[in-house]
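# Descriptive analysis of the structure
In case you want the letters, here they are:
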Amino acid sequence: MNRILDAILAPEPDARELAALPLPPSYRAVTVHKDETEMFAGLSRREKDPRKSLHVEEVPVPELGPGEALVAVLASSVNYNTVWSSIFEPLATFGFLERYGRLSELARRHDLPYHVLGSDLAGVVLRTGPGVNRWRPGDEVVAHCLSVELESADGHGDTMLDPEQRIWGFETNFGGLAEIALVKANQLMPKPAHLTWEEAASLGLVNSTAYRQLVSGNGARMKQGDNVLIWGATGGLGAYATQLALAGGANPVCVVSSPQKAEICRQMGAEAIIDRVAEDYRFWSDEHTQNPREWKRFGRQIRELTGGEDVDIVFEHPGRETFGASVYVTRKGGTVVTCASTSGFEHVYDNRYLWMSLKRIIGTHFANYREAWEANRLVVKGKIHPTLSRCYPMEEVGQAVYDVHHNLHQGKVGVLGLAPRTGLGVRDAELRERHLHAINRFRVPE
């Protein structure tokens, strides 16, 4: 691995030299173990500690198949699916690997007693399998996390509808929290040249997800002038939704949980901001009963910020805690678009406010290849910026995931792979300088 890293970090990297270097038999990776899936039995979600379940260990380099690539991972990042994998909720991910392993002889590689996690990466192509023509060893890339087989007609209009659609590093093995990752070659996209490895690695999953959810024809179809309610507007997803709304001429109504996060929204250019903690919104009277009076109070505050208008779109991802309020405050004919449920998967809402006001609920999940490419293109052009706040060495990945699990972070949390330190990988210093303030907006001093 040292020879590979030296070749990548050379002042003028030589792709031919990199392609000629032998691959190591093993690499360091962040894993969970199949024989430990019951280690948190009987504990509440908050009591389950990723620092106890995550391992950093040597694992064998997987066999390279047709249409695939092995990538040297310089950096990765933490997503909520990493949290779910680490605490074995709502299901242990080994069931996903077992089902995938039954698909084909080649897919059987993924069904192992350990799971290499991670659905983001920035790195350099090491090897490509038969049938790969676009990418070559030495190419600097990021990866989106959509893994598809495309043997069914269902996936050819929208690859997210492929019956064998999976999220790489969550429902497949050999993910990005590692020194080497195995991906399908059609997951690869150009690395933004003005970003460091860790900044580039923080974008793929959340930026693509927010793009499909908010902008795409498969999502809310946001247009200029729309009022868009964004929950967690400085979080992993919400910070990209806020940027996309502003870039698209919409009016984000940003919901945050502290004055510090409100200030970040203002720095991004948002003006309508609600601090839900300061306002002490309590959408549930108790565990089983929602409080419509709080929905109405919330709606009144939104209208005060929008000049008397209700929101056209609600960017939903907290789930159970907020969903009833989200349906209520959406304007007549408006849209609630949801992609996750970080506060619980069982959503409860009053259907009268949906059907009688002709509102829509749209479910979205990650993004198809085209949407991921368009989202990455906005980053390459300096229109959308990373939201990386902190970056941990791989040895401290348990703490990184713990921070996300307990919402101790803002923006995205990065994890270094092969990169020996942060700050490496910038190829376009001029573009970086033009956007440096925005790039560093979320950074926490180390």
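Above this note sits the structure.
These remarks concern the structure in this document.

Along the protein chain, the regular secondary structure elements total 17 helices and 20 strands. For the protein chain, whose C-alpha radius of gyration is 21 Å, the value lies close to the compact-globule estimate of 22 Å for 446 residues. Looking at the protein chain residue by residue over its 446 residues, the buried ones come to 59%. For the protein chain, long-range pairs separated by at least 24 residues make up 73% of all intrachain contacts whose partners lie at least 6 apart in sequence. Carbon and sulfur atoms provide 48% of the accessible area of the protein chain, an area that totals close to 18600 Å². Looking at charge distribution, the protein chain has the averaged site of its 49 positive side-chain charges lying 5 Å from that of its 56 negative ones.

Here we take up the packing of helix 7 (residues 204–214) against helix 14 (residues 369–380). Where helix 7 meets helix 14, the axes come as close as 8 Å, and the angle between the chain directions of the two elements is 115°. Of the possible angle classes, the one that applies to helix 7 and helix 14 is roughly perpendicular. Along this stretch, helix 7 crosses helix 14, giving a crossing that reads as right-handed. In this structure, helix 7 uses N207, S208, Y211 and R212 to contact helix 14, whose residues at the interface are E371, A372, E374, A375, N376, L378 and V379.

Pairing in this open sheet of 3 strands is antiparallel, and the strands run 2-1-4 from one edge to the other. Both outer strands of the open sheet, strand 2 (55–60) and strand 4 (114–116), are each paired with one neighbouring strand and no more. Put simply, the sheet's adjacent strands are angled 60° from each other on average, direction ignored. Inspection of the sheet shows strand 1 (residues 26–33) paired to strand 4 by 3 bridges, in the antiparallel sense. Paired with T31 across the two strands is V116, which belongs to strand 4.

This part is about empty space enclosed by the protein. This model, assessed by the stated rule, comprises 2 cavities of 30 Å³ or more. What the largest cavity holds in volume is close to 90 Å³. Around the largest cavity sit E68, Y100, H110, S147, W168, T172, N173, L182, V183, K184 and Q187, which together line it. A per-element tally of the lining of the largest cavity places strand 9 (residues 180–184) first, with 3 residues. Here the lining of the largest cavity is composed, by residue class, of 4 nonpolar, 5 polar and 2 charged. Of the volumes computed, that of the second largest cavity is approximately 70 Å³. Taken together, V142, M189, A200, L203, G204, N207, S208, A372, A375, N376 and V379 make up the lining of the second largest cavity.

Time to look at the pattern of salt bridges. With the rule as written, the count across this model stands at 28 salt bridges. In this structure, D158 engages R212 in a salt bridge whose closest nitrogen and oxygen atoms are separated by 2.7 Å. Note that D158 is positioned in the loop between strand 7 (146–147) and strand 8 (166–167) and R212 in helix 7, a separation of 54 residues in sequence. For the pair shown, D158 and R212 are each scored as buried. In this structure, the salt-bridge partner of K223 is D226, at a minimum N-O distance of 2.8 Å. By sharing partners, the salt bridges in this structure join R28, E179 and E395 into a single network.

With their axes 9 Å apart at the nearest point, helix 4 (residues 80–87) and helix 15 (residues 397–405) run at an angle of 105° to one another. When the interaxial angle is binned, helix 4 and helix 15 end up roughly perpendicular. Across the interface between the two elements, Y80, T82, V83, S86 and I87 of helix 4 pack against V401, V404 and H405 of helix 15. Tallied by class, residues from the contact of helix 4 with helix 15 come to 5 nonpolar, 3 polar and no charged.

The strand order across the open sheet formed by 6 strands is 13-12-11-16-17-18, and the pairing between neighbours is parallel. The open sheet has two free edges, formed respectively by strand 13 (272–275) and strand 18 (360–363), since each of these has just one partner strand. Put simply, the sheet's adjacent strands are angled 20° from each other on average, direction ignored. Pairing geometry for strand 11 (residues 227–230) and strand 16 (residues 311–316), over 3 bridges, is parallel. Bridge assignment links L229 to a residue of strand 16, and that residue is V314. Sitting on the sheet, helix 11 (residues 292–306) touches strand 11, strand 12 (251–256), strand 13 and strand 16, and the angle it makes with strand 13 is about 150°.

Within strand 19 (residues 388–392), 4 of the 5 residues are buried, which leaves the element mostly enclosed by the surrounding structure. Judged from the 4 bridges that link them, strand 19 and strand 20 (residues 412–416) form a sheet pairing that is parallel. Across the sheet, L388 pairs through a bridge with K412, a residue of strand 20. Crossover strand 19 to strand 20 through helix 15 is right-handed.

With that settled, the discussion passes to helix 11. Helix length check: helix 11, at 15 residues, gives a terminal C-alpha distance of 21 Å against a target of 21 Å (1.5 Å per residue), a fit within 8%. A positive phi of about 75° marks G307, the residue just after helix 11.

Counting 96 residues, the largest nonpolar core has Y27, L188 and L214 as its most contacted members. If you tally residues by element for this core, the top one is strand 3 (residues 68–78), at 7 residues. Look past the residues within four positions of L188 in its chain and what remains in contact with it is A69, V71, V125, W135, V141, V142, A143, V183, Y369 and W373.

Here the focus is the packing of aromatic side chains. Enumeration over the complete set of coordinates arrives at 15 aromatic pairs. Measuring from ring centre to ring centre gives 5.3 Å for W231 and F298, while their planes differ by 25°; the resulting arrangement is stacked. A residue pair is termed long-range when its members are at least 10 positions apart, and W231 in the loop between strand 11 and helix 8 (238–247) and F298 in helix 11 qualify at 67 residues. On the basis of relative accessible area, W231 is assigned to the buried category, the value being 3%.

Scoring rules and cut-offs
Residues numbered from 1 in each chain as written. Predicted model: local features only at pLDDT ≥ 70, side-chain atom pairs only at ≥ 80, totals over all residues. Heavy atoms only, no water. Helix = DSSP H or I, 4+ residues; strand = E, 2+ residues; numbered from the N terminus. Rg over C-alpha atoms; globule rule 2.2 N^0.38 Å. Buried < 20%, exposed > 50% of the residue type's maximum accessible area, 1.4 Å probe, protein only. Contact = heavy atoms within 4.5 Å. Areas by Shrake-Rupley, 256 points an atom, 1.4 Å probe, with all protein chains shown as cover. Lys, Arg positive; Asp, Glu negative; His and termini not counted. Charge placed at Lys NZ, Arg CZ, Asp CG, Glu CD. Axes fitted to C-alpha atoms, helices over the stretch in contact; angles between N-to-C directions. Parallel < 35°, antiparallel > 145°, perpendicular 65-115°, else oblique. Left-handed = near helix turned anticlockwise from the far one by under 90°. Pairing = 2+ DSSP bridges. 1 Å grid on protein atoms, 1.4 Å probe; cavity = no way out; pocket = protein on both sides within 12 Å on 5 of 7 lines; lining within 4 Å. Points joined across faces, edges and corners; volume = space filled by probe spheres on them. Nonpolar A, V, L, I, M, F, W, Y, C, P; charged D, E, K, R; others polar. Salt bridge = Lys/Arg side-chain N within 4 Å of Asp/Glu carboxyl O. Right-handed = clockwise from strand over helix to strand, strands pointing away. Expected span 1.5 Å × (residues − 1). Core = buried A, V, L, I, M, F, W, Y, C linked by side-chain atoms within 4.5 Å. Phe/Tyr/Trp six-rings, centres within 6.5 Å; stacked < 30°, edge-to-face > 60°.

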